[in-house]
Amino acid sequence: KEGISRALLGALYSSVVTIGPTIIIIAVILLLFLFLKVSGVGVYEREVLSNTILYIFVFSVILTSPFNSVFSRYLADKFYNEQYDDILSSYYSGVMLVSIIAMAAAVPVMLSMYFKGGLDLIYILISYVLWASAVILFFSITYLHATKDYKVVTLFYFAGMLLGGGCACLLYFVFHVNQRHAIISGLALAFFLIAVGEFTYIRHYFGGKGRNYTECLKYIWRCRRIFLTNLFYILGLYIHNFYFWTTPGRLVVAGTFVSYTNYDMAACLGMFTNISTTIIFTVVAETRFHETYQGYMESVIGGTYRKIQKSKRVMFRTLSQQLGQVFALQLSITCVIFLVMIIFGTRLGFSAMTMQIYPVLAVSYLGVFIMYCNIVYLYYFEDTLGSMLTGLIFMCATFIGAVIASKFYVTFYGAGVFFGMLCGWIYSYLRLRKTERDFDSHIFCRYKIINTMKSSSKGIIVYDKER
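What you are looking at is a predicted structure, and each value in this text was computed from that prediction instead of being measured.

As for the overall build of the chain
Thought 1: Across its full length, the chain holds 16 helices and 4 strands.
Thought 2: Compactness check: the chain gives a C-alpha radius of gyration of 24 Å against a globular reference of 23 Å for 467 residues, within 12% of the reference.
Thought 3: Long-range pairs, those at least 24 residues apart, make up 80% of the contacts in the chain with a sequence separation of at least 6.
Thought 4: Surface accessibility of the chain: about 23,300 Å² in total, with carbon and sulfur atoms responsible for 68%.
Thought 5: The chain carries 37 positive and 22 negative side-chain charges, and their two centres are separated by 5 Å.

Quick word on helix α10 (residues 261-273)
Thought 1: Relative to the 18 Å expected for 13 residues at 1.5 Å per residue, α10 spans 18 Å between its end C-alpha atoms, a close match to the ideal helical length.
Thought 2: Listed in full, the buried residues belonging to α10 are Y263, D264, A266, A267, L269, G270, M271 and T273.
Thought 3: Looking at the buried side of α10, the elements it contacts are α3 (43-81), α9 (224-244), β2 (257-259), α12 (305-344), α13 (352-380) and α15 (415-437).

Here we look at helix α6 (residues 150-173)
Thought 1: With 24 residues, α6 should cover 34 Å at 1.5 Å per step; its first-to-last C-alpha distance of 34 Å lies within 8% of that length.
Thought 2: If you check which residues of α6 are buried, you get V152, V153, F156, Y157, G160, M161, G164, G165 and A168.

Quick word on unusual backbone geometry
Thought 1: Unusually for a residue other than glycine, E82 sits at a positive phi of about 55°.
Thought 2: Tracing the sequence through the fold places E82 in the loop between α3 and α4 (85-115).
Thought 3: Residue classification places E82 among the exposed positions, given a relative accessible area of 59%.
Thought 4: Positive phi values are uncommon outside glycine, yet H176 reaches one of about 55°.
Thought 5: Locating H176 in the fold gives a position in the loop between α6 and α7 (179-205).
Thought 6: The class of H176 is exposed, set by a relative accessible area of 65%.

Remarks on a nonpolar patch on the surface
Thought 1: Together, M103, V107, L111, Y114, F115, L121 and L125 give the surface a local cluster of nonpolar side chains, amounting to about 720 Å² of exposed area.
Thought 2: Contributions of two or more residues to the nonpolar patch are made by α4 and α5 (121-147).
Thought 3: Per element, the largest residue contribution to the nonpolar patch is 5 residues, and it comes from α4.
Thought 4: With respect to the element layout, L111 can be found in helix α4.

Some points on the nonpolar core
Thought 1: By size, the foremost hydrophobic cluster in this structure holds 101 residues, and its most contacted members are Y143 and M161.
Thought 2: If you tally residues by element for this core, the top one is α5, at 14 residues.
Thought 3: Not counting residues within four places of it along the chain, the set of residues in contact with M161 comprises I24, I25, V28, L187, A190, F191 and I194.
Thought 4: Counting 24 residues, the second largest nonpolar core, distinct from the first, contains F281, Y293, Y296 and L366.

Comments concerning the packing of α4 against helix α8 (residues 215-222)
Thought 1: Contact pair α4 / α8: the axes reach a minimum separation of 8 Å and the direction vectors enclose 65°. The pairing of α4 with α8 is recorded here as roughly perpendicular in orientation. Listed contacts from α8 to D86, S90, S93 and L97 of α4 are E215, C216, L217 and I220.

Examining the packing of aromatic side chains
Thought 1: Inspection of every chain in the model, using the stated rule, returns 47 aromatic pairs.
Thought 2: Aromatic side chains W425 and Y429 sit 5.3 Å apart centroid to centroid with 10° between the ring planes, which places their arrangement in the stacked category. Within this pair, W425 and its partner Y429 are both found in helix α15, separated by 4 residues, close to a single helical turn.
Thought 3: Given a relative accessible area of 31%, W425 falls into the partly exposed group.

Things to note about the pattern of salt bridges
Thought 1: Considering all chains together, one arrives at 8 salt bridges under this definition.
Thought 2: In this structure, the salt-bridge partner of D77 is R73, at a minimum N-O distance of 3.7 Å. Linking D77 with R73, this pair stays in helix α3, spanning 4 residues, or about one helical turn.
Thought 3: Overall, the relative accessible area of 22% leaves D77 in the partly exposed class.
Thought 4: Here K434 ties to D438 by a salt bridge, and the two come within 3.3 Å at their closest N and O atoms.
Thought 5: Exposure remark for D438: the relative accessible area of 31% places this residue in the partly exposed category.

Focus: the environment of F394
Thought 1: With respect to the element layout, F394 can be found in helix α14 (residues 384-405).
Thought 2: Beyond its immediate chain neighbours, meaning those up to four positions away, F394 contacts Y233, G236, L237, V368, M371, G420, M421 and G424.

Conventions adopted
- Residues numbered from 1 in each chain as written.
- Predicted model: local features only at pLDDT ≥ 70, side-chain atom pairs only at ≥ 80, totals over all residues.
- Heavy atoms only, no water.
- Helix = DSSP H or I, 4+ residues; strand = E, 2+ residues; numbered from the N terminus.
- Rg over C-alpha atoms; globule rule 2.2 N^0.38 Å.
- Contact = heavy atoms within 4.5 Å.
- Areas by Shrake-Rupley, 256 points an atom, 1.4 Å probe, with all protein chains shown as cover.
- Lys, Arg positive; Asp, Glu negative; His and termini not counted.
- Charge placed at Lys NZ, Arg CZ, Asp CG, Glu CD.
- Expected span 1.5 Å × (residues − 1).
- Buried < 20%, exposed > 50% of the residue type's maximum accessible area, 1.4 Å probe, protein only.
- Patch = residues over 30% accessible without salt bridge, like charges linked within 9 Å, V, L, I, M, F, W, Y side chains within 5 Å.
- Salt bridge = Lys/Arg side-chain N within 4 Å of Asp/Glu carboxyl O.
- Core = buried A, V, L, I, M, F, W, Y, C linked by side-chain atoms within 4.5 Å.
- Axes fitted to C-alpha atoms, helices over the stretch in contact; angles between N-to-C directions.
- Parallel < 35°, antiparallel > 145°, perpendicular 65-115°, else oblique.
- Phe/Tyr/Trp six-rings, centres within 6.5 Å; stacked < 30°, edge-to-face > 60°.

In short, shape yes, function no, at least from these values alone.
This is the structure in structure tokens:
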């Protein structure tokens, strides 16, 4: 609905759905680092803790993101066909699949932490609990969104992180456990409780007698382009970090964790400078575009040629207008945050090198998130090939750009992401324009809006009204 209050309410709900859980987790981690005085411990202890958390977060997102996109499509099909009994069994299959992959990936890392890094077994096992819980947690969020009970989602994260934070403080202040073990234990407990809460709620909400555990796995191949789109995109977000982890400025901790602290921090700041793009896109663009998209499809089913053409013009005009509006709003927000960081960044504790790398990355991530908006619109038009190629171009161009940028001055280290963003955005934009030009042939020759059947007597095409 129109109105400032409705827009603010929509922004609030969108924040809860998109970045609310992430903000809660980051806030609790920062508070734990502050109250438990992590800045006062040795550099080695601090780096072990920071890199453990970094690796768990980054790679759990990389692992679950492609599967989330495919299982989201599976859920949409099941809701459309009103086949609710198979949803719970698909959740079980998905959790089992990502957990097996997570376990296989964790074994060599845990062995390296023990034999090369000399870390104690308790810390390694608790880190594994945090890793496994994070994977299940991030996979389950797709099913929680399907329930549309966003208050429950926020409640799970808030309660879990509150209990985990309390546990960390209790271990440190009462039982005098060191900061590294106290924080990792608190986070492991928090994520475990959130994962258990999500699992229990999903099991209760989608309770059914379905035993079809393999159908959802076939979707991975059937929707392989969607799977690869999200895999390429999420790798593109971090592949420049991975490359800088191989350069001379890298830091190796406990013989296992490799990072480039200044660059990683600059990338994190650049990403969070523009993360509100997802909120703006959900509130401003996607909801309004969906209405015009639905109106066009309804005109195809029962409208005149003139109405079809008018609906198509309205739909693509809305698309371009909303993309422009998203860019303008986010640009304003980015400029404000950018100025604050440039003026106060070093006073907030960020190194001079981090602040040198930050400006280019801040601009780059603005374009990256706008590029992903284009990918979402390509999904609307069933152009999964275009979305997959966008992700692939973005990932490859970012890697090549990072290799070249690392040879120049520190200020231009972020140019690799900028080059990848530029290539991906240009291709996705051209793909959308091509879709607009060929939209009639796409809809009437290759697309399927509703099922039809052919009369055996007169050969007349009629609609299957039951569908």
